[in-house]
Amino acid sequence: MAPQLAITGALAWLVWPAIASVGTLLAGTAAAILYYEWVHFIAHIPYKPRTAWGRWIKKYHLWHHYKNERLWFGVTNPSFDIMMRSYAHVVDVSQSATVRNLNG
Ligand SMILES: [Zn+2]
């Protein structure tokens, strides 16, 4: 996480050199990274999330690993998949022959 925060902090300092603004941005960035890592961790352990959203986003991420590696890249939400056209309805997608190949 340190490299991401250093780069983010340096770029923010160039744009807006105020310690309070850069500190706030870094705190938000660290929180976002920790949230991403937490949701990804939960997706890969045998734990059933308590909320409907948590159960859905876990299933969503696991489609990427077990159904088609070219779709559903989102870990915390599907917004970039929708924008980048890597979202599809799971029932419309057949299983990729290479989904379990970790090295391509
Ligand atoms: Zn994963």
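About the cut-offs
- Residues numbered from 1 in each chain as written.
- Predicted model: local features only at pLDDT ≥ 70, side-chain atom pairs only at ≥ 80, totals over all residues.
- Axes fitted to C-alpha atoms, helices over the stretch in contact; angles between N-to-C directions.
- Helix = DSSP H or I, 4+ residues; strand = E, 2+ residues; numbered from the N terminus.
- Parallel < 35°, antiparallel > 145°, perpendicular 65-115°, else oblique.
- Contact = placed C-beta atoms within 7 Å.
- Nonpolar A, V, L, I, M, F, W, Y, C, P; charged D, E, K, R; others polar.
- Domains from an automatic or database assignment.
- Expected span 1.5 Å × (residues − 1).
- Buried ≥ 20, exposed ≤ 12 C-beta atoms within 10 Å, placed from the backbone.

Colleague: How would you sum up the packing of helix H2 (residues 19-43) against helix H3 (residues 52-66)? Please name residues and give values.
Modeller: Packing of H2 against H3 brings their axes to within 9 Å, and their N-to-C directions diverge by 75°. Taken together, the axes of H2 and H3 are roughly perpendicular relative to one another. On the side of H2, the interface is formed by Val39, Ile42 and Ala43, while H3 contributes Ile57, Lys58, His61 and Leu62. Each residue belonging to the contact of H2 with H3 can be placed in one class, and the counts come to five nonpolar, one polar and one charged.

Colleague: Describe the domain arrangement of the protein chain, naming the residues involved and giving the relevant values.
Modeller: A common way to express how large an interface is: the accessible area buried when the components associate. Structurally, the protein chain comprises domain 1 (1-47) and domain 2 (49-104). The centre of domain 1, based on its C-alpha atoms, is set 24 Å off from the matching centre of domain 2. Its residues placed into classes, the side of domain 1 that touches domain 2 shows six nonpolar, one polar and no charged.

Colleague: Give me the lowdown on H2, citing residues and values where you can.
Modeller: Taking 1.5 Å as the rise per residue, H2 with 25 residues should run 36 Å; its terminal C-alpha atoms sit 36 Å apart, in good agreement. Burial analysis of H2 places just one of its 25 residues in the buried class, which makes it a mostly uncovered element.

Colleague: Hey, could you go over helix H1 (residues 2-15) for me, with residue numbers and the actual values?
Modeller: An ideal rise of 1.5 Å per residue puts 20 Å on 14 residues; H1 measures up with 20 Å between its terminal C-alpha atoms. Counted residue by residue, H1 has zero buried out of 14 residues, so it is predominantly exposed.

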